[in-house]
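Residue-level structural notes
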Amino acid sequence: MLQLNAIRENKDAIIEALKKRNLDAASLIATVLDLDEKRRSLQTNLDNTLAESNRLSKEIGALYKTGKAQEANALKEETANLKEVSKQLTDDLNDTATALQNALYQIPNVPHDSVPAGKSEEDNEEVYKEGTVPVLFDGALPHWELAKKYDIIDFELGVKIAGAGFPVYKGKGARLQRALINYFLDKNTAAGYNEIQVPHVVNEASGYGTGQLPDKEGQMYYMPADDLYMIPTAEVPVTNIFRDVILNEKDFPITHTAYTPCFRREAGSYGAHVRGLNRLHQFDKVEIVRVEHPDKSYEALNGMVEHVKDILRELKLPYRILRLCGGDLGFTSALTFDFEVFSTAQDRWLEISSVSNFETFQANRLKLRYKDEEGKSQLAHTLNGSSLALPRVLAGILENYQTEDGIRIPEVLIPYCGFDRID
RNA sequence: GGAGAAAUGGCAGAGUGGUCGAAUGCGGCAGUCUUGAAAACUGUUGAGGGUCACACCUCCGGGGGUUCGAAUCCCUCUUUCUCCGCCA
């Protein structure tokens, strides 16, 4: 959520920047400013009414004490009127505040200066590329065929138990998955991230805090009996640790890493793009989350990008980094870098990580603040990234490391797996 | 799941109708003292709205009610604790 102050002061610049998202926010911003002004004027009226009411109450108390019951009763009649007025003002104020809040919820984050304009993923800007795409033998298979051939992932069995998009990992497939989780967590903790385990469900307030609600509730599985949502990413529970928190400057930086399964309803496209592990309703992911001082957050973002690069380098997977254009940028993000691994057998890039700086957008909803040198509360910056999302990394490994008689295991993973090939 | 108790500032803990945004202690911050630190002493120390700055307003788990007036009384929800039951 954007800050009202920022909107008041930089209205034109914000409208201009939001155009990169192909959004004309002019009328929305005008609505916000109108409602804001109305809210403040109602608040002032209400405050004055309450002040008068408080004054009379004190007077009545004093009159009773000195035995002037008659005069006190006369004053009571006055307060009855004030009470009615304040009730009306309170209702109006609440309505206005709600309308203002709803309008603010509709405005996405302001893209960073470096974000290119653009309509869709076609316009994302490739900023880095590393690794060599292996030349595979004739008859190399996509990962879903490999999964079947070596009996390491069973998609049909998942359909039987739960439904499409809930695969069952078996034998060395399950072990490889677990190896990746441990490897990622080890890499992250070695880089200074504090490992935590968090709930896999969240309440409504948490959904609002990180921006999944109110707009993207269709993305999450919802359990009405308990009013809980299954998490679409560890970002939600981990970042919400800091909801309603006031930090000291010396607390920065705050860094966490967490492994969680992620649940996504996303009714999406069909066909090859969602085959196998390409898109699932449940998948595993290791996440990194940072809370930073505003002056340091872009430095931190670069650090996160370098960290993810390091992991992919060790896995020896060919990958590229994209700077997302305005049209592809997430609602809450100011700047996002996507990592994609090249899937040789599918001849396409697969997104395996998304690293973002949300600046104060989430912090504003979360009320995540810190005390500056003057002791004033300021909003902190939040960031997060995947390091990494498992299924597509797995797909990349299976496809790129396949040989005619088996699948090799990347060297760094062998100690975690306890085997060096799947055959 | 059943029975009872409780929820107050960073923490602990007073406060049972007006003078309470809230005693006191601890912690934090600043100062005095000290070569420096500790101790001691002094002062200061919740959040939000509003204002040029004051004034002023709101908040004592959430919501509603009684009253001229609520941290304090009533209803309700949530959470926590204790006991019993069940259980990985």
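Model, not experiment: these values are computed from the prediction. (Residues numbered from 1 in each chain as written. Chains lettered and ligands numbered in written order. Predicted model: local features only at pLDDT ≥ 70, side-chain atom pairs only at ≥ 80, totals over all residues. Heavy atoms only, no water.)

Some remarks on the domain arrangement of chain A
The domain architecture assigned to chain A consists of domain 1 (4-105) and domain 2 (121-422). For domain 1 versus domain 2, the separation of C-alpha centres amounts to 43 Å. Contact residues are listed per partner, giving four residues for domain 1 and ten residues for domain 2. The largest share of the area that domain 1 buries against domain 2 comes from K20, R21 and Y105, three residues that together contribute 91% of it. Linking domain 1 to domain 2 there are zero salt bridges. Taken together, domain 1 and domain 2 are joined by three residue pairs in polar contact (both at pLDDT 80 or more). (Domains from an automatic or database assignment. Contact = heavy atoms within 4.5 Å. Buried area = accessible area lost by both parts, 1.4 Å probe. Salt bridge = Lys/Arg side-chain N within 4 Å of Asp/Glu carboxyl O. Polar contact = N/O pair within 3.5 Å; in protein donor to acceptor, adjacent residues only side chain to side chain.)

Topic: the packing of helix α3 (residues 26-65) against helix α4 (residues 69-105)
Running from N to C, α3 and α4 cross one another at 160 degrees; their axes reach a closest spacing of 8 Å. Relative to α4, the element α3 lies roughly antiparallel. The hand of the α3/α4 crossing is left-handed. Considering only residue class, the contact of α3 with α4 consists of 22 nonpolar, nine polar and nine charged. (Axes fitted to C-alpha atoms, helices over the stretch in contact; angles between N-to-C directions. Helix = DSSP H or I, 4+ residues; strand = E, 2+ residues; numbered from the N terminus. Parallel < 35°, antiparallel > 145°, perpendicular 65-115°, else oblique. Left-handed = near helix turned anticlockwise from the far one by under 90°. Nonpolar A, V, L, I, M, F, W, Y, C, P; charged D, E, K, R; others polar.)

Considering helix α10 (residues 297-315)
Taking 1.5 Å per residue as the helical rise, α10 with its 19 residues ought to reach 27 Å, and the 27 Å between its terminal C-alpha atoms agrees with that figure. The complete set of buried residues in α10 reads S297, A300, L301, M304, V305, H307, V308, K309, I311, L312 and L315. K316, located one to two residues past α10, shows a positive phi value of around 55 degrees. (Expected span 1.5 Å × (residues − 1). Buried < 20%, exposed > 50% of the residue type's maximum accessible area, 1.4 Å probe, protein only.)

What to know about the protein's contact with RNA strand B
Surrounding RNA strand B, one finds 19 residues, the nearest of these being D47, N54, S57, R369 and K371. Expressed as a percentage, the sugar and phosphate content of the atoms of RNA strand B within 4 Å of the protein is 74%. Between RNA strand B and R39 there is a distance of 3.3 Å, counted from a sugar or linking oxygen to a side-chain nitrogen or oxygen. One of the side-chain nitrogen or oxygen atoms of R369 is found 3.0 Å away from a phosphate oxygen of RNA strand B. Residue contributions to the surface near RNA strand B peak at eleven residues, all from α3. Split by residue class, the surface near RNA strand B holds five nonpolar, six polar and eight charged. (Near = heavy atom within 4 Å.)

Observations regarding the UniProt feature "binding site: L-serine" (unreviewed entry) in chain A
Mapped onto the present numbering, the UniProt feature "binding site: L-serine" (unreviewed entry) falls on T233, R264, E287 and N384. Of the residues named above, T233, R264, E287 and N384 line the largest pocket. Within the secondary structure layout, R264 lies in the loop between β9 (254-263) and β10 (282-292). Only 2.9 Å separates the side chain of R264 from the backbone oxygen of P232, close enough to count as a polar contact. (UniProt positions renumbered as here; feature names shortened; annotations may be inferred. 1 Å grid on protein atoms, 1.4 Å probe; cavity = no way out; pocket = protein on both sides within 12 Å on 5 of 7 lines; lining within 4 Å.)

Re the layout of surface pockets
If you add up the space inside the largest pocket, you get close to 1,600 Å³. Forming the walls of the largest pocket are 49 residues, and the residues nearest its centre are R264, D338, E351, S354 and R392. Counting only elements with at least two residues in the lining of the largest pocket, the list comes to β10, β11 (319-323), β12 (335-343), β13 (348-359), β16 (381-389) and α12 (390-400). Counting residues per element, the lining of the largest pocket draws most heavily on β13, which supplies nine residues. The residue makeup of the lining of the largest pocket, split by class, is 14 nonpolar, 19 polar and 16 charged. (Points joined across faces, edges and corners; volume = space filled by probe spheres on them.)

Re the packing of helix α7 (residues 171-190) against α10
Relative to each other, α7 and α10 sit at 135 degrees, their axes nearing to 11 Å. The angle between α7 and α10 falls in the class oblique. With respect to the hand of their crossing, α7 and α10 are arranged in right-handed fashion. For the pair formed by α7 and α10, the contact residues are Y183, F184, K187 and N188 on the first element and H307, D310, I311, E314 and L315 on the second. Looking at side-chain class alone, the contact of α7 with α10 contains four nonpolar, two polar and three charged residues.

What to know about the environment of A72
Here A72 shows up in helix α4. With relative accessibility at 0%, the residue A72 sits in the buried group. Here the alpha-carbon distance between A72 and L247, two residues 175 residues apart in the chain, equals 49 Å.

Looking at the environment of I29
Take I29: it is sitting in helix α3. For the pair I29 and I107, spaced 78 residues apart in the sequence, the C-alpha separation amounts to 8.3 Å. Each residue touching I29, except ones within four places of it in the same chain, is listed here: I7, K11, I14, I15 and I107.

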